[in-house]
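Spelled out, the chains give:
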Amino acid sequence: MFEKGLIKKEENMFQEEKRKTNYGAMCLVCFFCCFFAFQFMKLVITQPSIATSSISVIDSPISADKLSDRRELWRVSQPSTYCLKIESFTKLATSPNVEKYKTRPFQSGGYNWTFIVYHKGNVKDGAPADWVSMYVQIDNSALFNSPKEVYAEVKFFIYNRKEDKYFTVSRQMQNAFFLSKPYWGYGNVRSYGEVANPDAGWLFDGDSVLFGVDIFVTEVFNKMEVFSFTKNLHNRLLKWTISNFSSLEQNVYLSNMLLIGGRSWALKMYPRGDGEGQGNSLSVYVIAPDFKPYERVYLKAKVRIINQKYSKDMETNVESWSDQASSWGFQRFVSFADLQDTSKGLLVNDTLKLEVEFEDLSNTKYFPS
């Protein structure tokens, strides 16, 4: 009996030890899983991402401490402005007293340009030695006339036969060409050693290299418009006296023109009414006869009938934007009943006096007009 109890006790201790071992193993497995997961995440975070685009941003070797707006990419399409094929590139590069190749002038955007390739670097302009430099230069004579500056987007190309694509160098912003600096380019397009290496793909057909340039000239604007509100109206009143009102036979009448705020204005009157006022009211509008169809004009004014008996005129305010020549006004400006009531003093001796007082208006000037 004692032995059975001892055996049972030993079995329990073994099972307990086994459980401890399993727990320890499980903890150890969890520890290693967490450790490897952490290392994997750290690797993913710190590992440079693989770009899906062929465009890369680099710093210029000339000023590697400054952020550059230089852009590099590979593209299939050919240059559209000018190409230069040098069939004996390494021979030209190793020839004495030859630091560059300069093309004949060619046109782009209405200007004459020259394409310049330094096979071993434009060191005089600060480019690194043994780097291919590429520049374009505008004809100086074009800069003596207006405009004094020419803005253009420039892209440089070198063909690679292994990629069967064009390596392209450009910048995000446009380049300004002016009298004191009629040229622009890159001193560090590709290293000469790389381009001259037959295995790198830049040489083809023996010793040939194909260069190219695109120049897109941005025209300086010569058309504009200037919008403003008229601040000082020296002449604010347009007055119109209409005699023999009861004898008017036409449907509509116009006052004389008056120049206010740089625009011609007039009053238009419908003696028998217009729209909802036809047959019951006098209709009056402020119009701008030289209104352009694409314009939108702001007007703030007071339209009134002068009271010829008393000091209080009949006055109505108008303030609105309009894209029509005659939309400021009222179809029911005054009823015929009030107009013909002699006690009100609006129509005296068959004479009607209209007036508009301009308070504010907008003006748009177009160049060229």
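Note that the structure is predicted; figures quoted are calculated from it, not measured.

## As for the overall build of the protein chain
Across its full length, the protein chain carries four helices and 23 strands. A buried classification covers 37% of the 369 residues belonging to the protein chain. Long-range contacts, defined as pairs at least 24 residues apart, comprise 65% of the intrachain contacts of the protein chain with a sequence gap of at least 6. For the protein chain, the exposed surface amounts to about 22,700 Å²; the carbon and sulfur share of it is 53%.

## What to know about the pairing of strand 14 (residues 237-242)
Residues of strand 14 alternate between two faces, with Leu238, Trp240 and Ile242 buried on one and Leu237, Lys239 and Thr241 left unburied on the opposite face. As judged from the six bridges shared by strand 14 and strand 23 (residues 351-367), these two strands associate in the antiparallel manner. Pairing of Trp240 across the sheet is with Leu354, part of strand 23.

## As for the pattern of salt bridges
Pairing of side chains with opposite charge becomes possible as their charged atoms draw close. According to the stated counting rule, one finds 14 salt bridges in the structure shown. Its salt-bridge partner being Glu87, residue Lys85 comes within 3.8 Å of it at the nearest N-O pair. The exposure class of Lys85 is partly exposed, given its relative accessible area of 41%. One continuous salt-bridge network, built from bridges that share partners, spans Arg304, Glu315, Glu355 and Glu357.

## Considerations on the nonpolar core
Nonpolar side chains tend to gather and get buried jointly when the protein is soluble and globular. Ranked by internal contacts, the top residues of the largest apolar core, which has 36 residues, are Trp113, Phe115 and Phe211. Per element, the largest residue contribution to this core is five residues, and it comes from strand 8 (residues 150-160). Ignoring sequence-local partners within four residues, the contact set of Phe211 consists of Tyr82, Cys83, Leu84, Ile86, Phe89, Phe115, Val117, Val132, Met134, Phe157 and Ile158.

## What to know about the environment of Ala127
Here Ala127 is to be found in the loop between strand 6 (111-118) and strand 7 (131-138). According to the relative accessible area criterion, Ala127 is buried, its value standing at 7%.

## Examining the environment of Lys300
Mapped onto the secondary structure, Lys300 falls in strand 19 (residues 297-305). Remark: the alpha-carbon pair of Lys300 and Asp360, spanning 60 residues in sequence, is separated by 5.0 Å. Once residues lying within four places of it in the same chain are set aside, the contact partners of Lys300 are Val318, Glu319, Glu357, Phe358, Glu359 and Asp360.

## Observations concerning the side chain of Thr103
The topology assignment puts Thr103 in the loop between strand 4 (101-102) and strand 5 (106-108). Leave out the neighbours within four places in its chain, and Thr103 touches Tyr82, Leu84, Thr114 and Phe115.

## A word on the packing of aromatic side chains
For the coordinates displayed, the defined rule picks out 27 aromatic pairs. Here the aromatic rings of Tyr118 and Tyr135 are separated by 5.7 Å at their centres, their planes lie at 80°, and the arrangement is edge-to-face. Separated by 17 residues along the polypeptide, Tyr118 in strand 6 and Tyr135 in strand 7 bring together distant segments of the chain. With a relative accessible area of 5%, Tyr135 lands in the buried category. Taken together, Phe115, Phe156, Trp184 and Tyr186 form an aromatic cluster joined through their ring pairs. The ring of Tyr186 carries the charged tip of Arg70 above its face, separated from the ring centre by 5.0 Å.

## Some remarks on unusual backbone geometry
Residue Pro368 follows Phe367 across a cis peptide bond; omega there is -10°. Backbone geometry at Asp130 places phi at a positive 60°, although glycine is not the residue there. Its place among the elements puts Asp130 in the loop between strand 6 and strand 7. Residue classification places Asp130 among the partly exposed residues on the basis of a relative accessible area of 42%.

## Topic: the confidence of the model for the protein chain
When the pLDDT values of the protein chain are averaged, the result is 83; 81% of them are 70 or greater. In this model, residues 17-23 is a region of pLDDT below 50 whose contacts with residues beyond four sequence positions or in other chains number zero contacts. Within the model, pLDDT remains below 50 along residues 36-67, and this stretch shows 25 contacts once partners closer than five positions in the same chain are excluded.

## Here's the deal with the side chain of Glu295
Here Glu295 lies in the loop between strand 18 (281-287) and strand 19. Here the side chain of Glu295 touches Arg263 through a polar contact of 3.0 Å, side chain to side chain. Here Lys292 takes part through its backbone nitrogen, which lies 3.0 Å from a polar atom of the side chain of Glu295.

So, how was this worked out
- Once a new chain begins, its residue numbering starts again from 1 and follows that chain's sequence as written.
- Local features are withheld for residues below a pLDDT of 70 in this predicted model, meaning they are given only at 70 or higher, and side-chain atom pairs are given and counted only at 80 or more; totals for whole chains, interfaces and linings count all residues.
- Values shown for side chains rest on all heavy atoms present in the structure; no hydrogens or waters enter the calculation.
- A run of H or I in DSSP counts as a helix once it spans at least four residues, and a run of E counts as a strand once it spans at least two, with each numbered from the N terminus.
- Summary of the burial criterion: residues with accessible area below 20% of their type's maximum are buried, those above 50% are exposed, and those between are partly exposed, where the area comes from a 1.4 Å probe applied to protein chains only.
- Contacts were defined at the residue level, with two residues in contact if any of their heavy atoms lie within 4.5 Å.
- All accessible-area figures derive from a Shrake-Rupley calculation using a 1.4 Å probe, and residue coverage is judged against the displayed protein chains alone.
- Any two strands with at least two DSSP-identified bridges between them are counted as paired.
- Here, a salt bridge means any Lys or Arg side-chain nitrogen found within 4 Å of an Asp or Glu carboxyl oxygen.
- For our purposes a nonpolar core is just a set of buried Ala, Val, Leu, Ile, Met, Phe, Trp, Tyr and Cys residues, chained together by side-chain atoms within 4.5 Å.
- Centres within 6.5 Å make a pair out of two Phe, Tyr or Trp rings, where for Trp the six-membered ring is used; the pair is then stacked when the planes are under 30 degrees apart, edge-to-face when over 60, and tilted otherwise.
- A ring has a charge above it when a Lys NZ or an Arg CZ is no more than 6 Å from the ring centre and no more than 35 degrees off the ring normal.
- pLDDT is defined as a per-residue confidence score from the predictor, taking values between 0 and 100.
- Residues adjacent in sequence count toward polar contacts only when both atoms are side-chain atoms; beyond that, a polar contact is any pair of N or O atoms within 3.5 Å, and within protein one must be able to donate a hydrogen and the other to accept it.

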